[in-house]
Amino acid sequence: MNRQSNLYTIIYSTVLVIVVGVVLSVVYQALRPQQLENIANDTKRQILASARIVPQDGQTIADLYSEHIKDSYIVNAEGQKVDSKVNPFDVKVSLEVKKPAEERLLPVFECNTPDGMKYIVPVYGAGLWGPIWGYLAFDANGDTIYGAYFAHQGETPGLGAEIEKPAFSGQFEGKNIFAPGGDFTSVAVVKTGKEPADRAWVHAISGGTITSQGVQAMLLNSLEPYAAFFRELLAATPETNMTASIRADEGESNVEQ
Amino acid sequence: MNVNKSLLPLVNPLSKDNPVIVQVLGICSALAVTAKLEPALVMTISVTAVLALANVIISLLRNTIPTSIRIIVQLVVVAALVVIVDQVLKAWNYEVSKALSVFIGLIITNCIIMGRLEAFAMTNRPWASFLDGIGNGLGYGIILVIIAFFRELLGSGTLFGCQVIPQWLYDHGYQNNGMMILPPMALITAACIIWVHRARNKDLQE
């Protein structure tokens with residue numbers, strides 16, 4: 001058969017595409033269960049990492065997760081638990097953050113740690129090149145951040161990608177998302193010399209300005225709907241006044257820096 | 001250098017016919033993945049694997065491919081291989097696949113792969129094509145690793161993420177060069193490598 005003829009070319013490309021298509025779908029189907037399990041395990045690892053729980057040798061993520069995460073549920077913007085058929089673990093945060101606050105499904109994971117019970121919530125936003133996301137663990141007072149975990153899809157290595165490093169996420173430990181007056185303020189991500197006096201802040205990554213601003217916007221947008229939920233926890237905490245005074249002290253030391 | 005003639009496709013691309021600094025292919029990804037050593041190394045391994053496999057497949061098919069759609073056929077083969085590599089990594093080594101994420105797409109568009117398929121695999125036997133794929137992948141990798149070494153060392157003070165510049169240097173006023181992390185310095189580093197390489201290989205000078 002003439003290899004330059006149109007018929008040969010059409011048959012050749014058709015056969016090639018069908019063969020490649022079949023091969024790819026077989027590969028996809030064969031590997032899918034394993035991939036889904038990996039993705040679920042990775043999400044569990046991220047949730048636990050925000051509560052400073054890291055698997056030691058010999059521990060599997062799945063075991064560690066069922067050991068520490070005692071309860072998970074979905075709340076709405078009024079802070080009430082929603083009786084939803086969706087598993088909190090399966091809520092697509094990437095889609096929820098685009099909805100108006102009152103329509104969002106807000107997953108909360110209750111996590112037992114050596115330092116007591118923590119509330120873990122997911123955050124999701126945009127960096128410079130693609131999505132950034134993370135999990136924040138809050139103390140039982142619903143105000144103080146116990147730990148933070150951030151991840152990104154493709155931020156610049158050495159610049160924006162530094163948000164996943166403990167050097168950045170560790171800064172969030174001990175920060176408060178409510179101002180002393182009780183207003184929801186989130187946490188600011190700021191340059192040295194631009195530290196605000198009236199709200200908690202962390203230092204941005206030099207050279208990673210857009211990603212740092214993305215983190216700040218992500219926290220504000222993702223945490224704000226939780227404000228009612230956290231405010232109830234804060235009100236139920238007996239030593240609220242004490243934490244408020246500690247916070248005022250911290251505010252001053254922040255200014256001095 | 002005296003080497004077995006059949007191994008020439010493997011050895012030549014390492015220096016004399018290096019894809020990046022002599023053939024000037026794959027410069028784009030040399031800028032993108034060399035801010036740190038680790039992604040540079042992962043990219044090297046992936047490109048070498050994809051290139052060797054694609055070279056063999058195209059070489060096996062070379063006598064059947066219609067000339068008018070040969071580039072499309074090459075692209076389909078490369079894209080399919082990259083997707084398979086991505087899927088396998090996601091299932092068996094999720095950590096590495098996460099580190100690769102954005103670079104996977106870059107492999108499909110890597111000019112080295114198309115360049116070698118068109119220039120070598122279309123006219124050579126499978127075994128020679130396989131060696132050519134490995135050789136060019138490694139030749140590309142050498143340059144990537146050299147660039148990434150300098151960029152990570154001078155830009156972040158680390159190698160493979162470990163701090164190597166001692167703290168007392170910072171205490172005495174040393175600062176990481178933020179410029180090294182930005183893409184232009186990859187080009188300048190590559191140019192320095194070409195300079196040294198040409199100075200040592202007079203026959204490459206024009």
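Residues numbered from 1 in each chain as written. Chains lettered and ligands numbered in written order. Predicted model: local features only at pLDDT ≥ 70, side-chain atom pairs only at ≥ 80, totals over all residues.

Under the annotation held in an unreviewed UniProt entry, chain B carries the name NADH:ubiquinone reductase (Na(+)-transporting) subunit D and is attributed to Lepagella muris.

Visitor: Describe in detail the overall build of chain B, supporting the description with residues and values.
Guide: Scanning chain B for helices and strands turns up nine helices and two strands. Sequence-ordered secondary structure for chain B, helices as α and strands as β, is α-α-α-α-α-α-α-β-β-α-α. In chain B, which comprises 206 residues, the proportion classed as buried is 38%. Contacts in chain B between residues far apart in sequence, at least 24 positions, make up 78% of those at least 6 positions apart. (Helix = DSSP H or I, 4+ residues; strand = E, 2+ residues; numbered from the N terminus. Buried ≥ 20, exposed ≤ 12 C-beta atoms within 10 Å, placed from the backbone. Contact = placed C-beta atoms within 7 Å.)

Visitor: Describe the nonpolar core, and please don't skip the residues or the numbers.
Guide: Among the nonpolar cores identified, the biggest contains 96 residues, and Ile 120 of chain A together with Val 50, Ala 54 and Leu 144 of chain B are the most heavily contacted of them. If you tally residues by element for this core, the top one is helix α3 (residues 37–61) of chain B, at 10 residues. Setting aside residues no more than four positions away along its own chain, Ala 54 of chain B makes contact with Val 77, Val 78, Leu 81, Ile 113 and Leu 117 of chain B. (Core = buried A, V, L, I, M, F, W, Y, C linked by C-beta atoms within 7 Å.)

Visitor: Could you give an account of the interface of chain A and chain B, naming the residues involved and the relevant values?
Guide: On the side of chain B, 23 residues touch chain A, which itself brings 24 residues to the contact. Across the side of chain A that touches chain B, the residue classes tally to 12 nonpolar, 10 polar and two charged. (Nonpolar A, V, L, I, M, F, W, Y, C, P; charged D, E, K, R; others polar.)

Visitor: Please set out the sheet that holds strand β1 (residues 69–75) of chain A residue by residue, giving values where relevant.
Guide: Residue and element names in this part refer to chain A. Overall, antiparallel pairing links the six strands, which are arranged β2-β1-β3-β4-β5-β6 in an open sheet. Edge positions in the sheet fall to β2 (81–82) and β6 (145–152), since each of these pairs with one other strand and no more. In this sheet, strand β5 (residues 131–138) lies alongside strand β4 (residues 116–126) in antiparallel orientation, the contact comprising eight bridges. Within β5, the residue paired with Gly 125 across the bridge is Ile 132. Across the sheet, helix α1 (residues 6–50) is in contact with β3 (106–113), β4, β5 and β6; its angle to β6 comes to roughly 145°. (Pairing = 2+ DSSP bridges. Axes fitted to C-alpha atoms, helices over the stretch in contact; angles between N-to-C directions.)

Visitor: I'd love a proper account of the packing of α3 of chain B against helix α7 (residues 126–156) of chain B, names of residues and values included.
Guide: Residue and element names in this part refer to chain B. At a closest axis distance of 8 Å, the pairing of α3 and α7 adopts a crossing angle of 165°. Overall, the two elements α3 and α7 adopt an arrangement that is roughly antiparallel. With respect to the hand of their crossing, α3 and α7 are arranged in right-handed fashion. For the contact of α3 with α7, the residue count by class is 18 nonpolar, nine polar and two charged. (Parallel < 35°, antiparallel > 145°, perpendicular 65-115°, else oblique. Left-handed = near helix turned anticlockwise from the far one by under 90°.)

Visitor: Mind laying out the packing of α7 of chain B against helix α9 (residues 183–200) of chain B, listing which residues take part and the relevant values?
Guide: Residues and elements named next belong to chain B. One can describe the packing of α7 onto α9 by two numbers: an axis separation of 10 Å at closest approach and a directional angle of 120°. Of the possible angle classes, the one that applies to α7 and α9 is oblique. Here the hand of the crossing between α7 and α9 comes out right-handed. Contact residues: Ile 143, Ile 146, Ile 147, Phe 150 and Arg 151 in α7; Met 185, Ala 186, Thr 189, Ala 190 and Ile 193 in α9. Taken together, the residues that form the contact of α7 with α9 break down as eight nonpolar, one polar and one charged.

Visitor: Quick rundown of unusual backbone geometry? Include the residues and the values.
Guide: All names here are of chain A. Although it is not a glycine, Ser 186 sits at a positive phi angle of roughly 60°. Its place among the elements puts Ser 186 in the loop between α4 (166–169) and β7 (188–190). Its 23 C-beta neighbours within 10 Å are what place Ser 186 among the buried residues.

Visitor: Break down the pairing of β4 of chain A for me, with residues and values.
Guide: Residues and elements named next belong to chain A. Taken together, the five bridges between β3 and β4 define a ladder with antiparallel strand orientation. Counted as the bridge partner of Phe 109 is Ile 120 from β4. Taking the residues that link successive antiparallel strands as the turn, the β3-β4 hairpin has two residues. Linking β4 back to β5 in an antiparallel pair, the connection comprises four residues.

Visitor: Give me the lowdown on the confidence of the model for chain A, citing residues and values where you can.
Guide: Residues of chain A with pLDDT of at least 70 account for 92%, and the chain-wide mean is 87. Throughout residues 251–257 of chain A the model reports pLDDT below 50, and contacts reaching past four residues in sequence, or to other chains, amount to five contacts. (pLDDT = per-residue confidence, 0-100.)

Visitor: So what about the pairing of β3 of chain A? Which residues, and what values?
Guide: Direction of pairing for β1 of chain A relative to β3 of chain A: antiparallel, over a ladder of six bridges. Its bridge partner being in β3 of chain A, Ser 72 of chain A is matched across the sheet by Phe 109 of chain A.

Visitor: I'd like a rundown of helix α6 (residues 111–121) of chain B, residues and numbers included.
Guide: Residues and elements named next belong to chain B. Listed in full, the buried residues belonging to α6 are Ile 112, Ile 113, Arg 116, Leu 117, Phe 120 and Ala 121. Down the axis of α6, the buried side of the element spans an arc of 130°, and every buried residue falls inside it. Buried residues belonging to α6 abut α3, α4 (70–92) and α7. (Arc of directions from axis to C-beta.)

Visitor: Let's hear about the environment of Ala 204 of chain A: which residues, and what values?
Guide: Residue and element names in this part refer to chain A. Among the secondary structure elements, Ala 204 is positioned in the loop between β8 (201–203) and α5 (209–223). Residues Ala 204 and Lys 191 lie 13 residues apart in sequence; the distance between their C-alpha atoms is 5.5 Å. Dropping the residues within four chain positions of it, Ala 204 is found in contact with Val 189, Val 190, Lys 191, Thr 209 and Ser 212.

Visitor: Give me the lowdown on the environment of Glu 102 of chain A, citing residues and values where you can.
Guide: Mapping Glu 102 of chain A onto the fold places it in the loop between α3 (93–96) and β3. Along the sequence, Glu 102 of chain A and Glu 78 of chain A sit 24 residues apart, while their C-alpha atoms lie 7.8 Å from each other.

Visitor: Break down the confidence of the model for chain B for me, citing the residues and quoting the values.
Guide: All names here are of chain B. Put simply, chain B has an average pLDDT of 85, and 97% of its residues get 70 or more. Averaged over each element, pLDDT in chain B is lowest for helix α5 (residues 94–109) (74) and highest for α7 (91). Both confidence scores are given for the complex: pTM 0.68, ipTM 0.73.

Visitor: So what about the environment of Ile 65 of chain B? Which residues, and what values?
Guide: Residue and element names in this part refer to chain B. Residue position: Ile 65 is located in the loop between α3 and α4. Taking the C-alpha atoms as reference points, Ile 65 and Met 122, separated by 57 residues in sequence, lie 9.1 Å from one another. In contact with Ile 65, not counting residues within four places along its chain, are Arg 70 and Val 73.

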